[in-house]
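Listed here are the chains, written in short residue letters.
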Amino acid sequence: MLAGRLHVTERALRMESVPVPEPGRGEVRIRVAAAGVCLSDVHLIDGTLTPLHLAGDVVTLGHEVAGTVDALGEGVRGWEPGQRVLLQAGERDRFGLVLTRGVDYDGGWAEYALAREDTLVPVPVPDLISFEQACIIPDAVSTPWAAVTETGRVRPAEAAAVWGVGGLGAHAVQLLLLVGAAPVIAVDPLPAARDRALALGADLAIDPADDGFKDAVLELVGTRGLDVAFDFAGVNAVREQAMTVLGRHGRLVLAGIANQPISIPSDSRFTYNRQAVLGHYGSEAEHVGQLVTLTGLGRLDLSGSVSDVLPLADAPEAVRRVNEKEGNPIRLILRP
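Residues numbered from 1 in each chain as written. Predicted model: local features only at pLDDT ≥ 70, side-chain atom pairs only at ≥ 80, totals over all residues. Heavy atoms only, no water.

Visitor: I'd like to hear about the sheet that holds strand E11 (residues 160–163), residue by residue, with values.
Guide: Strand order in the open sheet formed by 6 strands is E13-E12-E11-E14-E15-E16, with parallel pairing between adjacent strands. The strands lining the two open edges of the sheet, one partner per strand, are strand E13 (204–206) and strand E16 (276–279). The sheet shows a mean angle of 15° between the axes of neighbouring strands, taken without regard to direction. The pairing of strand E12 (residues 184–187) with E13 spans 3 bridges and is parallel. Considered in E13, the bridge of Ala-186 is made with Ala-205. (Pairing = 2+ DSSP bridges. Helix = DSSP H or I, 4+ residues; strand = E, 2+ residues; numbered from the N terminus. Axes fitted to C-alpha atoms, helices over the stretch in contact; angles between N-to-C directions.)

Below you can see the structure in the form of structure tokens.
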């Protein structure tokens, strides 16, 4: 079968022919129908990120995967060939260590993928959710969902802002509206990203370099400032700017990774206002399940999130387009 394999030592993505995997005990083989291309895949290739728990130095990329059950390993119960499923983006091993699909073990940039049976999530049989939409729920949608509902604990009518309206931030805007945040502000230097945020329902979309940035934000939210700010850009300047418009009891949620020290301009203002800086990473299994339910019932529309669908063989081209932000995509999808 064809697979997109990252040779970690060389930082080279190669489309290779590899044997179709056989499911072991407790495993299910999935015939992949769609797999997302994430910026973290790009960073694995360019060396910004490195697998921490990979056995060996070659891995099939792809942590956003949907398809159908193809074959069952020994001892697997409750699943049937042909059943529509998506895969959790990772799993915990028997020691509790979190392993990421397509990073620490083979993922879904392939015609077939193996998955531990407890990492399968059933997709509603009525085709309300296409495979292309389903595959991005783990990570592209579940990460901002967990950031909004779990880490940020956003409540109705709280003022919220999102810095970085890309693959994660665009969904964060939708999800903030879903939980009743108001107003919702999008901050991005790209005009196309700001236009997209407004089309998704943001109350204000603004360039962070705008001279009137602070005044524009406070004019909308009032002197109370923001209740919660989300950094999906992973840029230090974002954190500094967010702190200037964060209000009393305000939370700054760091979902983007800058690999830089975090500084607080004024500890007296920070403590007086009882503000908080919260780190956020990924999501849990229940978040994916919640999103499948919401999407299946029509509460969340992900049809606009699929920017383009490419053949699996064109994975290198998809990586280039994501890296260069060509067309300002939310998600590019590979189809075997």
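Moving on from the coordinates now.
Visitor: Please provide a residue-by-residue account of the side chain of His-63, values included.
Guide: Looking at the element boundaries, His-63 is found in the loop between strand E4 (58–60) and strand E5 (65–72). On the basis of relative accessibility, which here comes to 4%, the residue His-63 falls in the buried class. Of note is the side chain of His-63, whose polar atom sits 2.8 Å from the side chain of Asp-139. (Buried < 20%, exposed > 50% of the residue type's maximum accessible area, 1.4 Å probe, protein only. Polar contact = N/O pair within 3.5 Å; in protein donor to acceptor, adjacent residues only side chain to side chain.)

Visitor: How would you summarise the nonpolar core if you had to cite specific residues and measurements?
Guide: Grouped together as the largest cluster of nonpolar side chains are 33 residues, with contacts concentrated most on Leu-6, Ile-30, Val-37, Leu-61, Trp-109, Leu-120 and Leu-334. Those elements that place two or more of their residues in this core are strand E3 (27–37), helix H1 (39–46), E5, strand E6 (84–87), strand E9 (112–116), helix H10 (315–323) and strand E18 (331–335). Not counting residues up to four positions away in its chain, the partners in contact with Leu-334 are Ala-33, Ala-34, Ala-35, Val-37, Trp-109, Leu-310, Pro-311, Leu-312, Asp-314, Ala-315 and Ala-318. Core analysis: the second largest hydrophobic core is formed by 23 residues, Val-154, Val-165, Leu-176 and Val-184 among them. (Core = buried A, V, L, I, M, F, W, Y, C linked by side-chain atoms within 4.5 Å. Contact = heavy atoms within 4.5 Å.)

Visitor: I'd love a proper account of H10, names of residues and values included.
Guide: Along H10, the residues classified as buried are Ala-315, Ala-318, Val-319, Arg-321 and Val-322. All buried residues of H10 lie within an arc of 165° about the axis, which places them on one face of the element. Looking at the buried side of H10, the elements it contacts are strand E2 (12–17), E3, H1, strand E17 (306–311) and E18. Residue Lys-325 follows H10 closely and has a positive phi angle near 55°. (Arc of directions from axis to C-beta.)

Visitor: Please give an account of the sheet that holds E2 that cites residues and values.
Guide: Spatial ordering of the open sheet is given by E2-E1-E4, a layout of 3 strands whose pairing is antiparallel. Across the chains shown, the open sheet's two edge strands, defined by having one partner strand only, are E2 and E4. Ignoring which end each strand starts from, the neighbouring axes of this sheet average 35° apart. With 3 bridges connecting them, strand E1 (residues 2–7) and E4 associate as antiparallel partners. Bridge pairing in E4 links Leu-6 to Val-59.

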